[in-house]
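Below, each chain spelled out in residue letters.
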Amino acid sequence: MERRPIATRDAKLSRKIASWLADRGVSPNGISMVGMVFGVLAGVAFMLTEAFPEKAAWYWITGAILVQLRLLGNMFDGMVAVLQERASALGELYNEIPDRVSDAVTLIGFGFAIGSNPWLGLIAALFAVFTAYVRAMGKVAGAHQEFCGPMAKPQRMFLVTLAALFIGFGGNNLLGENELLGPFSIAVWTIWLIIAGCVITVVRRLMKIGFALRD
């Protein structure tokens, strides 16, 4: 089974937690679904910063924590599946679909956050899903799964987490404003970085997949 390279997967604590879950018969597909719930709730938390600006800091921080919990779910579902020897085609479906839902809702919610831009959030979500689509289609075409960046899922979520924590703990979100383009903020620049990084990632993945298929 092809797996995304994750450094923390080899950490002693990660292996202990995965073994504990596997020994208790926890379903890898269930872990995937829980991870998706965390991703969706992260997007909702970011949206609530606009609806309740007086509590925005708490929602920013909560969203950042939920994003990381979602990533932990993404890591442990695969680890538990391997330990239980339950890797399957159905498991691949549970691994991919919840991830795409989480990506989309988190980034759309980030776009609707206070000081951010809804259209940019929607565009970022589209590019995030397309980046994963290119990877999946490479496998369907007969190449290996290409996880290269610079804006694969871990990098996207790292930027979102970093920006949310910076803003939540007292950083100045609004950097300036333009009559035509609207606000320039930490949130807006974060989304622009994600979009630009996804474009580069798509091009790199297509090139690598193309070379692999020609070989």
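Provided above is the structure to which this section pertains.
Keep in mind that this is a model prediction, so the values were computed, not measured. (Residues numbered from 1 in each chain as written. Predicted model: local features only at pLDDT ≥ 70, side-chain atom pairs only at ≥ 80, totals over all residues. Heavy atoms only, no water.)

Colleague: Would you mind showing me how to read helix α5 (residues 118-141) here?
Modeller: Residues separated by three or four positions in an α-helix point in the same direction, a consequence of the helix having 3.6 residues per turn. Compared with the 34 Å implied by 1.5 Å per residue over 24 residues, the 34 Å span of α5 between its first and last C-alpha is a close match. The set of residues buried in α5 consists of Leu120, Gly121, Ala124, Ala125, Ala128, Thr131, Ala132, Val134, Arg135 and Gly138. The N-cap of α5, judged by a side-chain oxygen 2.9 Å from the amide nitrogen of tryptophan 119 a few residues on, is asparagine 117. (Helix = DSSP H or I, 4+ residues; strand = E, 2+ residues; numbered from the N terminus. Expected span 1.5 Å × (residues − 1). Buried < 20%, exposed > 50% of the residue type's maximum accessible area, 1.4 Å probe, protein only. Polar contact = N/O pair within 3.5 Å; in protein donor to acceptor, adjacent residues only side chain to side chain.)

Colleague: I would appreciate a short explanation of the pattern of salt bridges in the present structure.
Modeller: Pairing is possible between side chains of opposite charge, provided their charged atoms come close. Applying the stated criterion across every chain yields a total of nine salt bridges. A salt bridge links arginine 135 to glutamate 96; the nearest nitrogen and oxygen atoms lie 2.9 Å apart. Remark: glutamate 96 occurs in helix α4 (residues 89-111) and arginine 135 occurs in helix α5; sequence separation between them is 39 residues. For the pair shown, arginine 135 and glutamate 96 are each scored as buried. Taken together, the salt bridges that share partners define one network made up of Arg70, Glu96, Asp99, Arg100, Asp103, Arg135, Lys153 and Arg156. (Salt bridge = Lys/Arg side-chain N within 4 Å of Asp/Glu carboxyl O.)

Colleague: Got a minute to help me understand the environment of alanine 113 in this structure?
Modeller: Looking at the secondary structure, you find alanine 113 in the loop between α4 and α5. Alanine 113 sits 30 residues away from alanine 143 along the chain, and the two C-alpha atoms are 38 Å apart. Residue contacts for alanine 113: discarding those within four places in its chain leaves Phe46, Thr49, Glu50 and Trp60. (Contact = heavy atoms within 4.5 Å.)

Colleague: Got a minute to help me understand the environment of aspartate 23 in this structure?
Modeller: Position of aspartate 23 among the secondary structure elements: in helix α1 (residues 12-23). Through-space distance from the C-alpha of aspartate 23 to that of glutamine 84 is 8.3 Å; in sequence the pair is 61 residues apart.

Colleague: Would you mind showing me how to read the layout of surface pockets here?
Modeller: Over the atoms a probe the size of a water molecule is rolled, and this reveals where empty space is left. The calculated volume of the largest pocket comes to roughly 810 Å³. Contributing to the lining of the largest pocket are 40 residues, with Ile6, Arg9, Asn74, Asp77 and Asn95 lying nearest its centre. Where the lining of the largest pocket is concerned, the elements lending two or more residues are α2 (28-51), α3 (56-83), α4, α5 and α6 (153-168). Broken down by element, the residue count for the lining of the largest pocket peaks at nine residues, all from α3. Residues belonging to the lining of the largest pocket are distributed by class as follows: 15 nonpolar, 13 polar and twelve charged. (1 Å grid on protein atoms, 1.4 Å probe; cavity = no way out; pocket = protein on both sides within 12 Å on 5 of 7 lines; lining within 4 Å. Points joined across faces, edges and corners; volume = space filled by probe spheres on them. Nonpolar A, V, L, I, M, F, W, Y, C, P; charged D, E, K, R; others polar.)

Colleague: Just checking my understanding: could you explain empty space enclosed by the protein for this structure?
Modeller: Summed over all chains, the structure comprises one cavity of 30 Å³ or more. Lining the largest cavity are Arg4, Arg100, Thr131, Ala132, Arg135, Ala152, Lys153, Arg156 and Arg205. Put simply, the parts of the chain that give the lining of the largest cavity at least two residues each are α5 and α6. Tallying contributions element by element places α5 first for the lining of the largest cavity, with three residues. Here the lining of the largest cavity is composed, by residue class, of two nonpolar, one polar and six charged.

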